[in-house]
Amino acid sequence: MLGRKPIDFIPQRDMIYKPQETLPHHPNGLLFKAYNSDDKPIYNKIYYSTGGGFLVGAKAAVMNKFKKDKIQLKYPFRSAKDLLEVCAQNKKSISQIVFENELHWNSEQDVYKKLDKIWNTMQESVKNGCKKKGVLPGSLKLKRRAYEMYNKLKKKNNSNDALRELDWVNLYALAVNEVNADGGRIVTAPTNGAAGILPAVMHYYINFCSNSSIDGIYKMLLCSGAIAMLYKTNASISGAEVGCQGEVGVACSMAAAGLTEALGGSPEQVENAAEIGMEHNLGLTCDPIDGLVQIPCIERNAMGAVKAINASRMALDGDGKHYVSLDMVIKTMLATGHDMKVKYKETSMGGLAVNITEC
Ligand code: SF4
């Protein structure tokens, strides 16, 4: 029926991993081959996973991944420079620009509904991560930390420790990434491996920043989305393509920008925060031990969240004028990623992944 029919599929037999081989256009490739009943190959097709849940065929990969969008949005932008110009011309913030562009596809009510859904899912991930103890699945038998950390922090909630908020930020990030490592539900922001940074900074905003509100949360999501689009359009959000700078680095940049927007920063200050968030992640390699998104990934999200908050504070302290533009740092990130050896791009053949026993 409809040209479809069931076939035998036994993963252990039918899926062949070839970690030493790379398909032509992207390191994360999967070649499907179909055989007839005489074992003759009758069809094959390659798909690439380019990060953030995006899947493309070989043709799209050759054409630099994306077809140019034919849709004419109200406020088109492809670079940070464009975005700042659009904001200045229309006297609008970055989140307002993104919100109005979203109205091309959705009603106002639906945009808010979707933003609520994302924020609720992030909150659920933090809660779920704090509830579960034990070890994470996989060969490392890595102990979950969020559960114990949460219970300790609750007990010393009234302490005068000046860095108490930092402990909570660490907790939020660890909780989400432990849920991810356990196959639970998280929001890809911009990737699963870096999914803890934005929610951690959003929880920091709502729980510790004065005058925080749900409106600020919406601003954070819309603004950080704009920053993610700039990376996705002009560079990459794939650890397999550019190393961890494309995952944790991008998430840090997004969260720094989002927080700055929610705290009332100008578009220039937001752009500055995003730039700082990436500048100090340039060159970050991807070397997960045993191929599991656990070490260094889980802890690295906590570090990325703290860095994002600091980037935002530095940007808010200035007037938005700065030396290196976000566009320049995005270009540098891509060039650094291209120069990075393949063993530092999700292959687990370099860095911590091979040196851990010598430490
Ligand atoms: S180290 Fe690699 S797998 Fe882990 S978060 Fe970074 S890019 Fe993702």
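Keep in mind it's a predicted model, so treat the numbers as computed, not measured.

Moving on, we come to the side chain of Glu-178. Here Glu-178 lies in helix α7 (residues 164–181). Residues in contact with Glu-178, not counting those within four places in the same chain, are Gly-129, Leu-136, Lys-143, Arg-144, Arg-145, Ala-146 and Ile-298.

Let us now look at the sheet that holds strand β2 (residues 41–51). Paired through backbone hydrogen bonds, the strands of a sheet run either parallel or antiparallel to each other. Read across the sheet, three strands follow the order β1-β2-β3 without closing on themselves; strand pairing throughout is antiparallel. Looking at the sheet topology across the chains shown, the edges are occupied by β1 (29–35) and β3 (54–57). Neighbouring strand axes in the sheet, compared pairwise and without regard to direction, differ in orientation by 30 degrees on average. When β2 meets β3, the two strands line up antiparallel, connected through four bridges. Directly across from Tyr-47, in β3, lies its bridge partner Gly-57.

Let's shift gears to the side chain of Arg-164. With respect to the element layout, Arg-164 can be found in helix α7. Excluding residues within four positions of it along the chain, Arg-164 makes contact with Lys-156, Asn-157, Ser-159 and Phe-208.

Turning to helix α11 (residues 248–262), a few remarks are in order. Across its 15 residues, α11 extends 21 Å between first and last C-alpha, which sits within 8% of the 21 Å expected from 1.5 Å per residue. Where burial is concerned, most of α11 is hidden: 15 out of the 15 residues are buried.

Our focus in this paragraph is the site of the ligand. All residues adjacent to the ligand are Gly-193, Cys-244, Glu-247, Cys-286, Cys-297 and Arg-300. Counted by class, the shell around the ligand contains three nonpolar, one polar and two charged residues.

Relative orientation of the contacting elements helix α8 (residues 197–208) and α11 amounts to 25 degrees, with a least axis distance of 8 Å. On the basis of the axis angle, α8 is roughly parallel to α11. Note that α8 runs across α11; the crossing there is right-handed. From α8, Ile-197, Leu-198, Val-201, Tyr-204 and Tyr-205 reach across to α11, where they touch Val-248, Ala-251, Cys-252, Met-254, Ala-255, Leu-259 and Ala-262.

On to the packing of aromatic side chains, then. Two aromatic rings, taken as a pair, are described by how far apart their centres are and by the angle between their planes. What the rule picks out here adds up to six aromatic pairs. Here the aromatic rings of Phe-99 and Tyr-112 are separated by 5.1 Å at their centres, their planes lie at 40 degrees, and the arrangement is tilted. Placement of Phe-99 in helix α4 (residues 94–102) and of Tyr-112 in helix α5 (residues 108–131) is noted, with a sequence separation of 13 residues between them. For Phe-99, a relative accessible area of 10% corresponds to the buried category. Between Tyr-204 and Phe-208 the ring centres are 6.2 Å apart and the planes differ by 35 degrees, which places this aromatic pair in the tilted class. In this pair, Tyr-204 and Phe-208 both sit in helix α8, four residues apart, roughly one turn of the helix. On the basis of relative accessible area, Phe-208 is assigned to the partly exposed category, the value being 22%.

Moving on to a nonpolar patch on the surface. Where nonpolar side chains cluster on the molecular surface, the patch consists of Phe-9, Met-15, Tyr-17, Leu-30, Phe-32 and Tyr-47 and spans about 650 Å² of accessible area. Mapped onto the fold, Phe-32 is located in strand β1.

Right, let's talk about the packing of helix α12 (residues 267–279) against helix α13 (residues 297–317) for a bit. Their axes nearest at 8 Å, the elements α12 and α13 cross at an angle of 140 degrees. Overall, the two elements α12 and α13 adopt an arrangement that is oblique. Viewed along their axes, α12 and α13 form a crossing whose handedness is right-handed. Residue-level contacts link Gln-269, Asn-272, Ala-273, Ile-276 and Gly-277 of α12 to Ala-311, Ser-312, Met-314, Ala-315 and Leu-316 of α13. Here the residues of the contact of α12 with α13 sort into six nonpolar, four polar and no charged.

Now for unusual backbone geometry. A cis geometry characterises the amide bond from Ala-189 onward to Pro-190, with omega recorded as 0 degrees. Position of Pro-190 relative to the elements: it lies in the loop between α7 and α8. In this chain, Ile-295 is followed by Pro-296 through a cis amide linkage whose omega measures 5 degrees. Take Pro-296: it is sitting in the loop between α12 and α13. Despite not being glycine, Asn-211 shows a phi value in the positive range, around 60 degrees. Examined against the element boundaries, Asn-211 turns out to sit in the loop between α8 and α9 (214–234).

Cut-offs and rules
Residues numbered from 1 in each chain as written. Predicted model: local features only at pLDDT ≥ 70, side-chain atom pairs only at ≥ 80, totals over all residues. Heavy atoms only, no water. Helix = DSSP H or I, 4+ residues; strand = E, 2+ residues; numbered from the N terminus. Contact = heavy atoms within 4.5 Å. Pairing = 2+ DSSP bridges. Axes fitted to C-alpha atoms, helices over the stretch in contact; angles between N-to-C directions. Expected span 1.5 Å × (residues − 1). Buried < 20%, exposed > 50% of the residue type's maximum accessible area, 1.4 Å probe, protein only. Near = heavy atom within 4 Å. Nonpolar A, V, L, I, M, F, W, Y, C, P; charged D, E, K, R; others polar. Parallel < 35°, antiparallel > 145°, perpendicular 65-115°, else oblique. Left-handed = near helix turned anticlockwise from the far one by under 90°. Phe/Tyr/Trp six-rings, centres within 6.5 Å; stacked < 30°, edge-to-face > 60°. Patch = residues over 30% accessible without salt bridge, like charges linked within 9 Å, V, L, I, M, F, W, Y side chains within 5 Å. Areas by Shrake-Rupley, 256 points an atom, 1.4 Å probe, with all protein chains shown as cover. Salt bridge = Lys/Arg side-chain N within 4 Å of Asp/Glu carboxyl O.

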